Amino acid sequence: MAQGREHFNTQIGFILACVGSAVGLGNLWMFPWRLGQYGGAAFLIPYLLFVYLIGVTGLMGEYGLGRMTGKGPMGAFDQVLRKKGMLFGRTMGSYPVIITFLITIFYSVVTAWVVRYVWESFFPSFLEKQDFGAHFNSLFEGGPAILWLGVCLLIVALILGRGVSKGIEGINRIMMPALFGVLLIMIIRSATLEGAGEGFRYLLSPDWSQLTKPITWAMALGQAFFSVSLMGAAMVVYGSYLSKDTDIPYSSFITASFDTMAALAASLVIIPAVFAFGIDPAAGPPLVFVTMPEVFKSMTGGYFFSIIFFVGVLFAAISSLMSIMEVVVDGFMDQFNTSRKLSVGVIAGIAFVLGIPLALDIDNLTIIIDFVSIYLMPIGAVLAGLVFFVINPIKETRDEINVGSNNPVGRWWEPIARYVFIGVSILVVILQMLYQVG
Ligand code: TRP
């Protein structure tokens, strides 16, 4: 392990940070509407299969690669490739860092809306609005859009500036239990709404015919990758802050399981509530930002529930954004040998400037989100898989993952990592290209 590298203090702190990274807008915002669109309960079959088979394997790989090398993707890829006489590891490893920088920009724009909703929801006048669709469109207006983007990046910068154990680990220890608490309260509130039963029926009645369509499988795969933060970046960096006594197979399984629970919980909150008030559940992107405020407006106790709901969404989004920006901060420190604080300042500053055009224009924003998450992200996961499962001797990889584990993976795991993981992730890239855009 690199001398002087920062560390997570405890295994539970590490796991909470990884759950914080995994549980994000992908769970609370994208998952419920995809579940609705792609067959309800039937969608869970490909989704769970991919999360547990591919997602957990990928997480073990990323944590293990990070821990073995004590470096983010640039240093980690370089260290592995150099042993084989290949000198392009750093260049290859800059790919996940650069793509993660793009994610930093759009994720901050969306998180900024959430920060703004939390602030606004404290004012009772928030729920008196006539038209939340119009309010959503006003998010893109000049000064305030830029201001809230700045506030969002400032919050994340202040947390990351405090470092790995005090900042990232400390904040996740508060945010994650709070988030799951909020989800639990909200599930109960939604379930007790009159008319919620329709929503449950919609969620629980599987449309099996969706499983015969390749797009359902493509969406389930893409969603699984995005949701567990797999792209050779964030989880490699978090892994690099680990000590040798952390149980990687166990941590990977727990990360994936909490991530899945959060996605299911979000669906149980949103879909029944939406049905209870007769709103279209396939509303897609506006679900959280337009539909949910409409729901709170008509609900008993709406003022209270809208505050805790948006605070929950904020915790989910901020803890993911932290892990995203940390990749770039670490890459910058590694490349230019600067202090953490300087690196955080520079990266947040550039993200702010580049985020402005996206904060002002939803069309640009959705184009970038689709392009990055559909084409560019899964390639990062494939690269990390090639480095750690194919180029690095697989026996060594498995031994590294098993260090400190009470649940070591056996030899059966090797072909899963080498062939199933790599094969299926290349398939994601191809399927996504064929089916999602165009
Ligand atoms: N998993 C997060 C979500 O569901 C997004 C995320 C966090 C992410 N870190 C990442 C995606 C790193 C890709 C790479 O919202």
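This text follows the structure it describes.
Description of the structure in this document. Since the model is a prediction, treat every value here as computed from it, not as a measurement.

1. Overview of the layout of surface pockets
Empty space among the atoms becomes apparent when a probe as large as a water molecule is rolled across them.
Turning to step 1, where the next piece is worked out: Considering only enclosed or pocket space, the largest pocket measures out at about 570 Å³ in volume.
Turning to step 2, where the next piece is worked out: Along its surface, the largest pocket is lined by 33 residues, and Met-30, Trp-33, Arg-34, Ile-369 and Asp-370 are the ones closest to its centre.
Turning to step 3, where the next piece is worked out: Counting only elements with at least two residues in the lining of the largest pocket, the list comes to α2 (25–37), α5 (89–121), α10 (214–227), α16 (362–391) and α18 (413–435).
Turning to step 4, where the next piece is worked out: When residues of the lining of the largest pocket are assigned to their parent elements, the largest contribution, nine residues, is made by α16.
Turning to step 5, where the next piece is worked out: Of the residues that constitute the lining of the largest pocket, the class distribution is 24 nonpolar, seven polar and two charged.

2. Focus on a nonpolar patch on the surface
Turning to step 1, where the next piece is worked out: On the surface, Leu-49, Leu-53, Tyr-419 and Val-420 cluster together into a nonpolar patch covering about 360 Å² of accessible area.
Turning to step 2, where the next piece is worked out: At the level of elements, α3 (44–69) and α18 are the ones that each hand at least two residues to the nonpolar patch.
Turning to step 3, where the next piece is worked out: Position of Val-420 relative to the elements: it lies in helix α18.
Turning to step 4, where the next piece is worked out: Given the relative accessible area of 30%, Val-420 is considered partly exposed.

3. As for the site of the ligand
Turning to step 1, where the next piece is worked out: Looking at the ligand, there are 16 residues lining it, with Ala-22, Gly-26, Tyr-107, Phe-226 and Ser-229 nearest.
Turning to step 2, where the next piece is worked out: Taking Ser-21, its main chain carries an N or O atom lying 3.3 Å from a nitrogen atom of the ligand.
Turning to step 3, where the next piece is worked out: Backbone polar atom of Phe-226 to a nitrogen atom of the ligand: 2.9 Å apart, as the coordinates give it.
Turning to step 4, where the next piece is worked out: Here the ligand, which alone exposes 360 Å², has 100% of that area covered by the protein.
Turning to step 5, where the next piece is worked out: Elements with a minimum of two residues in the shell around the ligand: α1 (11–22), α2, α10 and α14 (302–336).
Turning to step 6, where the next piece is worked out: Taken together, the residues of the shell around the ligand sort by class into eight nonpolar, eight polar and no charged.

4. As for the packing of α5 against helix α7 (residues 142–161)
Turning to step 1, where the next piece is worked out: For the pair α5 and α7, the least separation of the axes is 8 Å and the interaxial angle reads 100°. One finds that α5 runs roughly perpendicular with respect to α7. Only Pro-144, Ala-145, Trp-148, Leu-149, Val-151, Cys-152, Leu-153 and Ile-155 of α7 make contact with α5, whose side of the interface consists of Ser-108, Val-109, Thr-111, Ala-112, Val-115, Arg-116 and Trp-119.
Turning to step 2, where the next piece is worked out: For the contact of α5 with α7, the per-class residue count stands at 12 nonpolar, two polar and one charged.

5. Describing the pattern of salt bridges
Turning to step 1, where the next piece is worked out: For the structure shown, the criterion picks out 13 salt bridges.
Turning to step 2, where the next piece is worked out: For Arg-82, the salt bridge is made with Asp-78, and the minimal N-O distance between the two is 3.2 Å. Residue Arg-82 and its partner Asp-78 are located together in helix α4 (residues 73–82), separated by four residues, close to a single helical turn.
Turning to step 3, where the next piece is worked out: A residue is classified by how much of its surface remains accessible, and Arg-82, at 47% relative accessible area, is partly exposed.
Turning to step 4, where the next piece is worked out: Across the pair Arg-116 and Glu-120 runs a salt bridge whose closest N-O atoms are separated by 3.4 Å. Of this pair, Arg-116 and Glu-120 both sit in helix α5, separated by four residues, roughly a single helical turn. Side by side, Arg-116 and Glu-120 carry an identical accessibility label, which is buried.
Turning to step 5, where the next piece is worked out: Among the ionic contacts, a cluster of salt bridges with common partners joins Glu-6, Glu-326 and Arg-340.

6. Regarding empty space enclosed by the protein
Turning to step 1, where the next piece is worked out: Under the counting rule described, the total for this entry stands at six cavities of 30 Å³ or more.
Turning to step 2, where the next piece is worked out: By volume, the largest cavity is sized at about 180 Å³.
Turning to step 3, where the next piece is worked out: Looking at the lining of the largest cavity, the elements with two or more residues in it are α1, α2, α5, α10 and α14.
Turning to step 4, where the next piece is worked out: Its residues assigned to classes, the lining of the largest cavity shows 10 nonpolar, nine polar and no charged.

7. Comments concerning α16
Turning to step 1, where the next piece is worked out: Over its 30 residues, α16 runs 41 Å from end to end, which matches the ideal 44 Å to within 8%, given 1.5 Å per residue.
Turning to step 2, where the next piece is worked out: Ser-373 marks the point of greatest bend in α16, at about 35°.
Turning to step 3, where the next piece is worked out: N-cap assignment for α16: the residue whose side-chain oxygen lies 2.8 Å from the backbone N of Asp-363 is Asp-361.

8. Focus: the nonpolar core
Turning to step 1, where the next piece is worked out: Membership of the largest hydrophobic core comes to 160 residues, with the highest contact counts inside it found for Phe-8, Trp-113, Phe-289, Phe-296, Phe-309 and Met-325.
Turning to step 2, where the next piece is worked out: Per-element tally for this core: the top contributor is α14, with 19 residues.
Turning to step 3, where the next piece is worked out: Setting aside residues no more than four positions away along its own chain, Phe-289 makes contact with Trp-29, Val-110, Trp-113, Val-114, Tyr-117 and Phe-136.

9. Quick look at α18
Turning to step 1, where the next piece is worked out: Look at α18: 30 Å from first C-alpha to last across 23 residues, which is about the 33 Å you get at 1.5 Å a residue.
Turning to step 2, where the next piece is worked out: Maximal helix bending in α18 amounts to about 25°, located at Val-420.
Turning to step 3, where the next piece is worked out: Listed as buried for α18 are Trp-413, Glu-414, Ala-417, Phe-421, Ile-422, Val-424, Ser-425, Val-428, Val-429, Leu-431 and Gln-432.
Turning to step 4, where the next piece is worked out: Tucked into the core, α18 has its buried residues touching α3, α10, α16 and α17 (394–402).

10. So, unusual backbone geometry
Turning to step 1, where the next piece is worked out: A positive phi angle is found at Ser-229, which is not glycine, with a value near 65°.
Turning to step 2, where the next piece is worked out: Inspection of the secondary structure puts Ser-229 in the loop between α10 and α11 (234–239).
Turning to step 3, where the next piece is worked out: Overall, Ser-229 belongs to the buried group, its relative accessible area being 13%.
Turning to step 4, where the next piece is worked out: Positioned with a positive phi, Asn-337 is a non-glycine residue whose angle comes to about 55°.
Turning to step 5, where the next piece is worked out: With respect to the helices and strands, Asn-337 occurs in the loop between α14 and α15 (340–359).

Parameters at a glance
Residues numbered from 1 in each chain as written. Predicted model: local features only at pLDDT ≥ 70, side-chain atom pairs only at ≥ 80, totals over all residues. Heavy atoms only, no water. 1 Å grid on protein atoms, 1.4 Å probe; cavity = no way out; pocket = protein on both sides within 12 Å on 5 of 7 lines; lining within 4 Å. Points joined across faces, edges and corners; volume = space filled by probe spheres on them. Helix = DSSP H or I, 4+ residues; strand = E, 2+ residues; numbered from the N terminus. Nonpolar A, V, L, I, M, F, W, Y, C, P; charged D, E, K, R; others polar. Patch = residues over 30% accessible without salt bridge, like charges linked within 9 Å, V, L, I, M, F, W, Y side chains within 5 Å. Areas by Shrake-Rupley, 256 points an atom, 1.4 Å probe, with all protein chains shown as cover. Salt bridge = Lys/Arg side-chain N within 4 Å of Asp/Glu carboxyl O. Buried < 20%, exposed > 50% of the residue type's maximum accessible area, 1.4 Å probe, protein only. Near = heavy atom within 4 Å. Polar contact = N/O pair within 3.5 Å; in protein donor to acceptor, adjacent residues only side chain to side chain. Axes fitted to C-alpha atoms, helices over the stretch in contact; angles between N-to-C directions. Parallel < 35°, antiparallel > 145°, perpendicular 65-115°, else oblique. Contact = heavy atoms within 4.5 Å. Expected span 1.5 Å × (residues − 1). Bend = angle between axes of the 7 residues up to and from the residue. Core = buried A, V, L, I, M, F, W, Y, C linked by side-chain atoms within 4.5 Å.

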